[in-house]
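Geometric and topological summary
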Amino acid sequence: SLKPSLLKEGDDVYFDCIVSANPEASTITWYHEGTAQVQNVTLGVILAGDSLVLQKVGRRQAGQYTCAATNTITTATSSPVTLRIKYTPECLTSPTTYFIYDKPINITCTVSSYPAVNAIQWQWN
């Protein structure tokens, strides 16, 4: 019932790894950007059988997820699923005070957000 295009920081995300194997898969491992995931309830990472639950996701958890199923014969890895997490704009540059009265100055503002910011409005205080 989740709509992936509406996921935002603070939401919970559920992944299931559906495996058809003979002999049955004995181990399922989840990967985020190629790094194996380990259970950490404090950080909201829960592994239960063939499921991965991410509680209260943040922007750092965005990216590609795969699952790998292992049986006595081999290990097979799923195609990647990309998780996108919406988050509010955040200024990545430090505020700087300029005192140049007779010359034009350029001030750069670098913003991180998803989706991307359409416009930035400057205000003189």
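Our structure's up above, just so we're on the same page.
No experiment lies behind these values; they were computed from the predicted model shown.

With respect to the overall build of the chain
Looking only at helices and strands, one finds 0 helices and 10 strands in the chain. Reading the secondary structure of the chain in the N-to-C direction produces β-β-β-β-β-β-β-β-β-β. Scaling as 2.2 N^0.38, a compact globule of 125 residues should have a C-alpha radius of gyration of about 14 Å, whereas the chain reaches 21 Å, well beyond that. Expressed as lengths along the three principal axes of its C-alpha atoms, the size of the chain is roughly 80 × 25 × 25 Å. Across the 125 residues in the chain, those meeting the buried criterion constitute 23%. If you take every contact in the chain between residues at least 6 apart in sequence, the share linking residues at least 24 apart comes to 53%.

Let's talk about the layout of surface pockets
Counted as a void, the second largest pocket has a volume near 250 Å³. Counting only elements with at least two residues in the lining of the second largest pocket, the list comes to β1 (13-16) and β8 (81-83). Broken down by class, the residue content of the lining of the second largest pocket amounts to 9 nonpolar, 2 polar and 2 charged.

Describing the state of the cysteines
A covalent bond bridging the sulfur atoms of two cysteines is what the word disulfide describes. Applying the stated criterion across every chain, the model contains 1 disulfide. The disulfide partner of cysteine 17 is cysteine 67, and the gap between their sulfur atoms is 2.0 Å. Classification of the bridge connecting cysteine 17 and cysteine 67 rests on its S-S torsion, roughly 65 degrees, and on that basis the disulfide is right-handed. Taken together, the positions of cysteine 17 in the loop between β1 and β2 (27-32) and cysteine 67 in strand β6 (residues 63-70) put the pair 50 residues apart, joining distant regions of the chain. The exposure classification of cysteine 17 matches that of cysteine 67, with both residues buried.

Some remarks on the nonpolar core
Judged by nonpolar contacts, the single largest core of 13 residues is most densely connected at Val13, Phe15, Trp30, Leu52, Leu54, Tyr65 and Leu83. Put simply, the parts of the chain that give this core at least two residues each are β1, β5 (51-54) and β6. Sequence-distant contacts of leucine 83, that is, excluding residues within four places in its chain, are made with Leu7, Val13, Phe15, Leu54, Gln61, Ala62, Gly63 and Tyr65.

Considering the pairing of β6
Counting buried positions over the 8 residues of β6 gives 6, a clear majority of the element. Where β2 lies against β6, 6 bridges are found, and the strand directions are antiparallel. The partner of tyrosine 31 across the bridge, within β6, is threonine 66. Sheet topology note: the β6/β8 ladder contains 3 bridges and is antiparallel. Residue pairing across strands places glycine 63 opposite leucine 83, the latter belonging to β8. Pairing of β6 with strand β7 (residues 75-77), which is carried by 3 bridges, proceeds in the antiparallel orientation. Counterpart to alanine 68 in the pairing with β7 is threonine 77. The hairpin formed by β6 and β7 contains 4 residues between the paired strands.

The rules behind each value
Residues numbered from 1 in each chain as written. Predicted model: local features only at pLDDT ≥ 70, side-chain atom pairs only at ≥ 80, totals over all residues. Heavy atoms only, no water. Helix = DSSP H or I, 4+ residues; strand = E, 2+ residues; numbered from the N terminus. Rg over C-alpha atoms; globule rule 2.2 N^0.38 Å. Buried < 20%, exposed > 50% of the residue type's maximum accessible area, 1.4 Å probe, protein only. Contact = heavy atoms within 4.5 Å. 1 Å grid on protein atoms, 1.4 Å probe; cavity = no way out; pocket = protein on both sides within 12 Å on 5 of 7 lines; lining within 4 Å. Points joined across faces, edges and corners; volume = space filled by probe spheres on them. Nonpolar A, V, L, I, M, F, W, Y, C, P; charged D, E, K, R; others polar. Disulfide = S-S within 2.5 Å. Core = buried A, V, L, I, M, F, W, Y, C linked by side-chain atoms within 4.5 Å. Pairing = 2+ DSSP bridges.

From the geometry alone we can't say anything about function, so treat these as descriptive.
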